[in-house]
Amino acid sequence: MEIWTERPARTDVEAVVRRYFSLLRAGRIPEAEKLIDHYSVPHVLRSLWTGSVEASADAGEAGGSAAAAEWEQDLSWLGELDLADFHWGDTGSHVNVEITYRAQLIEVALGFWVKPTDAGWVLSGPATYW
């Protein structure tokens, strides 16, 4: 897990979020989990699936998508997600990140917190926001 001895700068936090998301997109879930103080991976993946692939299929997108029961087995859909804008809270301890699927903004955003621990400052999350 990334640990800072001092409160990290926004650019440092954003770099860790980008690295985390890059690992997630590549299907390297265990590595992504170790990078931050992580919440439930199945919840995060299910939310991203519902807000992207499933929403596109519901909208009648040509070509369809993998069956919902298969989303955990075949993570290739993660490669079509990308980070969009970072929105920092007023205190600088919380950032929401917009997500795109096939270059279209989806309804799910990921939230991360910078928090102090006994070992130093860590990044916690992600929470999912609709």
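Residues numbered from 1 in each chain as written. Predicted model: local features only at pLDDT ≥ 70, side-chain atom pairs only at ≥ 80, totals over all residues. Heavy atoms only, no water.

*Asks:* Honestly, the sheet that holds strand S4 (residues 104-116) in this entry has me stumped. Any pointers?
*Replies:* Strand pairing in a sheet relies on backbone hydrogen bonds, with the paired strands running either antiparallel or parallel. Across the sheet, which stays open at both edges, the 5 strands sit in the order S1-S5-S4-S3-S2 with mixed pairing between neighbours. The open sheet is flanked by strand S1 (37-38) and strand S2 (81-88), the only strands paired with a single partner. Direction of pairing for strand S3 (residues 94-101) relative to S4: antiparallel, over a ladder of 7 bridges. In the strand pairing of S4, Val-95 is matched with Phe-112. Set on the sheet, helix H1 (residues 10-25) makes contact with S1, S2, S3, S4 and strand S5 (121-129); between it and S2 the angle comes to about 160°. (Pairing = 2+ DSSP bridges. Helix = DSSP H or I, 4+ residues; strand = E, 2+ residues; numbered from the N terminus. Contact = heavy atoms within 4.5 Å. Axes fitted to C-alpha atoms, helices over the stretch in contact; angles between N-to-C directions.)

*Asks:* Just to check I follow, could you spell out unusual backbone geometry for this structure?
*Replies:* Excluding glycine, most residues fall at negative phi; most peptide bonds, likewise, are trans. In this chain, Gly-125 is followed by Pro-126 through a cis amide linkage whose omega measures -5°. Relative to the assigned elements, Pro-126 resides in strand S5. Although it is not a glycine, Arg-102 adopts a positive phi angle of roughly 50°. Structurally, the position occupied by Arg-102 is in the loop between S3 and S4. Take Arg-102: its relative accessible area is 40%, and that puts it in the partly exposed class. Non-glycine residue Ala-103 carries a positive phi angle of around 70°. Here Ala-103 shows up in the loop between S3 and S4. On the accessibility criterion, Ala-103 (68% relative accessible area) is exposed. (Buried < 20%, exposed > 50% of the residue type's maximum accessible area, 1.4 Å probe, protein only.)

*Asks:* Explain H1 to me, please; I cannot follow it from the model alone.
*Replies:* Note: α-helices contain 3.6 residues per turn, so residues at a spacing of three or four share the same orientation. Its 16 residues place the ends of H1 22 Å apart at the C-alpha level, agreeing with the 22 Å of an ideal helix rising 1.5 Å per residue. When we look at burial in H1, the residues that qualify are Val-13, Glu-14, Val-16, Val-17, Tyr-20, Phe-21, Leu-23 and Leu-24. Gly-27 lies just past H1 and shows a positive phi near 75°. (Expected span 1.5 Å × (residues − 1).)

*Asks:* Mind showing me how you'd approach the packing of aromatic side chains here?
*Replies:* The way to describe two aromatic rings as a pair is by their centre distance and the angle between their planes. Inspection of the entire model under this criterion finds 3 aromatic pairs. Taking the centre distance of 5.8 Å and the plane angle of 75° together, the rings of Tyr-20 and Phe-112 count as edge-to-face. In this pair, Tyr-20 is assigned in helix H1 and Phe-112 in strand S4, connecting sequence segments 92 residues apart. A relative accessible area of 1% places Tyr-20 in the buried class. Residue Phe-112 is classed as buried on the basis of its relative accessible area of 2%. Ring plane angle 35° and centroid distance 6.2 Å describe the contact between Tyr-39 and Trp-113, whose orientation is recorded as tilted. With Tyr-39 in the loop between S1 and helix H3 (41-58) and Trp-113 in strand S4, this residue pair connects regions lying 74 residues apart in the sequence. (Phe/Tyr/Trp six-rings, centres within 6.5 Å; stacked < 30°, edge-to-face > 60°.)

All quantities given are derived from atomic positions and should not be read as evidence of function.
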